[in-house]
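Now for the letters of each chain:
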Amino acid sequence: MQHIKHLILSTLVLNMLSCGFLEDKTKDNEAMAVTVQDTTAQNAPADGYIVTPHVAHPKFKALSAAFETQEHRFEIDRCAFKYNGKSFFIGDTEEKIIKIFGKPDKKFLKPEKDRYFLKFSKLKLKLWFSKKSFKIISLSLNLNDDEMSEELPYKILKFRGVPYQLDMTLNEFIELSDLEHSETLDHTLYSFYIKNEKKCLSIPVKTSIASKPAYDAIGSGHITMRGDFDPKYSYPIEGFYITLRK
């Protein structure tokens with residue numbers, strides 16, 4: 001009988017110890033889960049992507065220095081544009097733009113349209129305005145616009161803080177930044193665009209880079225077909241188009 005009592009008592013003690021161990025283990029797991037959540041929150045991406053220039057690239061310093069020596073300096077950032085150090089952006093008035101650029105070469109209006117543009121031929125720049133507010137709604141910088149036959153008065157512009165020399169291919173340009181094909185830079189059949197770019201003034205930014213994507217060719221002659229996108233080959237950039245998505 002005494003032996004049986006000892007056996008029951010031992011079993012109870014073991015059960016109590018097991019419960020305490022499991023409770024501690026549960027607490028440890030919960031603490032670990034909180035730690036993982038905190039770490040995940042800390043490492044979570046921001047509310048959008050911001051292009052980062054690769055200032056350590058061998059070409060970056062020389063191109064930036066050459067940019068600063070130009071008489072005409074054009075910069076296209078995410079929430080601001082600059083011309084010769086004077087800032088403007090979407091939402092600014094026609095009056096402000098004329099103060100910065102001077103009188104436009106053309107003001108184009110169509111009665112049936114709800115917008116119009118001012119064209120500055122020397123810079124190959126079009127600024128689109130709303131007819132209701134007379135404020136900028138988008139920017140179009142067409143580097144190869146045949147209608148604007150004048151040669152550009154600059155050889156380098158800055159896009160997202162990254163210098164672009166006019167004879168560079170797209171791939172040469174993105175080497176100067178952290179842009180990557182498929183990761184942060186995607187494409188349509190005709191141009192490229194920045195994926196998930198950080199909002200500006202709580203409004204999504206739509207940015208197109210006019211450079212023809214390259215594709216593998218399948219077959220030959222009359223039965224040649226377009227294959228997969230080839231990120232290893234690229235063409236020069238022909239323009240930049242920026243607007244805010246309503």
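This one's a predicted model, so the numbers in the text were calculated from it and none came from an experiment. (Residues numbered from 1 in each chain as written. Predicted model: local features only at pLDDT ≥ 70, side-chain atom pairs only at ≥ 80, totals over all residues. Heavy atoms only, no water.)

1. Brief notes about the confidence of the model for the protein
Chain-level pLDDT for the protein is 82 on average; 78% of the residues reach the 70-or-more range. The low-confidence segment residues 1-45, where pLDDT is below 50, has zero contacts with residues more than four positions distant or belonging to other chains. (pLDDT = per-residue confidence, 0-100. Contact = heavy atoms within 4.5 Å.)

2. Here we look at the sheet that holds strand β15 (residues 239-244)
Pairing in this open sheet of eight strands is antiparallel, and the strands run β4-β5-β6-β7-β15-β12-β11-β10 from one edge to the other. At either margin of the open sheet sits one strand with a lone partner, and together these are β4 (106-109) and β10 (185-187). Across this sheet, the average inter-strand angle for adjacent strands is 20°, counted without regard to direction. Pairing of strand β12 (residues 205-210) with β15, which is carried by six bridges, proceeds in the antiparallel orientation. Its bridge partner being in β15, Val205 is matched across the sheet by Leu244. Set on the sheet, helix α3 (residues 94-101) makes contact with β4, β5 (115-120), β6 (125-130) and β7 (136-142); between it and β6 the angle comes to about 160°. (Pairing = 2+ DSSP bridges. Helix = DSSP H or I, 4+ residues; strand = E, 2+ residues; numbered from the N terminus. Axes fitted to C-alpha atoms, helices over the stretch in contact; angles between N-to-C directions.)

3. Section: α3
Those residues of α3 lying buried are Glu94, Ile97, Ile100 and Phe101. Looking down the long axis of α3, one finds its buried residues gathered within 120° of arc, a one-sided arrangement. Seen from the open side of α3, the exposed residues pointing more than 90 degrees away from its buried face are Glu95 and Lys99. (Buried < 20%, exposed > 50% of the residue type's maximum accessible area, 1.4 Å probe, protein only. Arc of directions from axis to C-beta.)

4. Quick notes on the pattern of salt bridges
In the structure shown here, the tally under the stated rule is five salt bridges. A salt bridge links Asp47 to Lys198, with the shortest nitrogen-to-oxygen separation between them at 2.6 Å. Taken together, the residues Asp47 in the loop between α1 (2-43) and α2 (60-68) and Lys198 in the loop between β11 (192-194) and β12 connect sequence positions 151 residues apart. Residue Lys198 is classed as partly exposed on the basis of its relative accessible area, which comes to 23%. (Salt bridge = Lys/Arg side-chain N within 4 Å of Asp/Glu carboxyl O.)

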